[in-house]
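Secondary and tertiary structure notes
Each chain is listed here by its residues.
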Amino acid sequence: MTTPVIGVLALQGDVREHLIALASADAVARPVRRPEELAEVDGLVIPGGESTTISKLAALFGMTEPLRERIAAGLPVYGTCAGLIMLADKILDPRSGQETFGGIDMIVRRNAFGRQNESFEAGVTVTGIEGPVEGVFIRAPWVESVGADVEVLAEHGGHIVAVRQGQVLATSFHPELTGDHRIHALFVDMVRAAR
């Protein structure tokens, strides 16, 4: 079986860290900024950053509709932090004009765990991964509610922080910042299975 090619949406956010984590999980990782680059990948990571900025830049680069179409067609996608927000079907408190790509039947709250100076790290038990994962929560969102087809993979402090619906995975936290690449390995396995 050939090695899966997984893109990282490289409009804003911690792109380099995801490229490193994916490579360590035995994927060919490459940045994606344009629709023609999106067409060449087997899976995609939407990194953390600032969801309003990602939304604006995706529109500017002509990526919003191609992303929505590929996600709807079954492209495996993994979103972290702002990426989780971008994969939500609904945001409770969107900024003016903010749009998402959708893909997970969930409602999210931006910056739910607090502002930048309230960022923290915590061990998170994630379904399908043995032992706790170190979660880095930076102005992190949480999931307020999910639809019937969404699997809740992790909670922290009584709030949903990791979910999966079909080929789409999302976490409120940043595993790419810890050196623990087990969630990226889980995603690479999802991409392999989808092929």
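Please refer to the structure higher up on the page.
Residues numbered from 1 in each chain as written. Predicted model: local features only at pLDDT ≥ 70, side-chain atom pairs only at ≥ 80, totals over all residues. Heavy atoms only, no water.

**What about the overall build of the protein chain?**
Put simply, the rule reads: Helical segments are the DSSP runs of H or I of at least four residues, strand segments are the runs of E of at least two, and each set is numbered from the N terminus. The globule rule used for comparison is 2.2 Å times the number of residues to the exponent 0.38, while the radius of gyration itself is calculated over C-alpha atoms. The classification of residues rests on relative accessible area computed with a 1.4 Å probe and restricted to protein chains. Under 20% of the type maximum is buried, over 50% is exposed, and intermediate values are partly exposed. For this analysis, residues touch if any pair of their heavy atoms sits within 4.5 Å. Accessible areas in this description were obtained via Shrake-Rupley with a 1.4 Å probe; residue shielding takes into account the shown protein chains only.
Looking only at helices and strands, one finds six helices and twelve strands in the protein chain. For 195 residues, the compact-globule estimate of 2.2 N^0.38 gives 16 Å, and the C-alpha radius of gyration of the protein chain, at 15 Å, lies within 12% of that figure. Dimensions along the principal axes, computed over C-alpha positions, put the protein chain at roughly 40 × 40 × 35 Å. The proportion of buried residues among the 195 residues of the protein chain is 50%. Partitioning the contacts of the protein chain with sequence separation of at least 6, the portion at a separation of at least 24 is 66%. Carbon and sulfur atoms form 48% of the exposed surface of the protein chain, whose accessible area is close to 8,300 Å².

**Observations concerning the nonpolar core**
Cut-off, in case you're wondering: Nine residue types can take part in a nonpolar core, namely buried Ala, Val, Leu, Ile, Met, Phe, Trp, Tyr and Cys, and a core is a set of them joined through side-chain atoms within 4.5 Å.
Judged by nonpolar contacts, the single largest core of 32 residues is most densely connected at Phe101 and Met106. When residues in this core are grouped by element, the largest group, five residues, is from helix 5 (residues 82-87). Beyond its immediate stretch of four places on either side in the chain, Met106 contacts Leu84, Leu87, Ala88, Asp89, Lys90, Val143, Ser145, Val146, Val163 and Ala170. Core analysis: the next-biggest nonpolar cluster, separate from the first, contains 31 residues, Ala112, Val133, Leu153 and Ile183 among them.

**As for the pairing of strand 6 (residues 104-109)**
Put simply, the test is: Strand pairing requires that DSSP identify at least two bridges connecting the strands.
Where burial is concerned, the two faces of strand 6 differ: the one with Ile104, Met106 and Val108 is buried and the one with Asp105, Ile107 and Arg109 is not. Bridging between strand 5 (residues 88-91) and strand 6 involves three bridges; their strand directions are parallel. In the strand pairing of strand 6, Ile91 is matched with Val108. The pairing of strand 6 with strand 9 (residues 142-146) spans four bridges and is antiparallel. Within strand 9, the residue paired with Val108 across the bridge is Val143.

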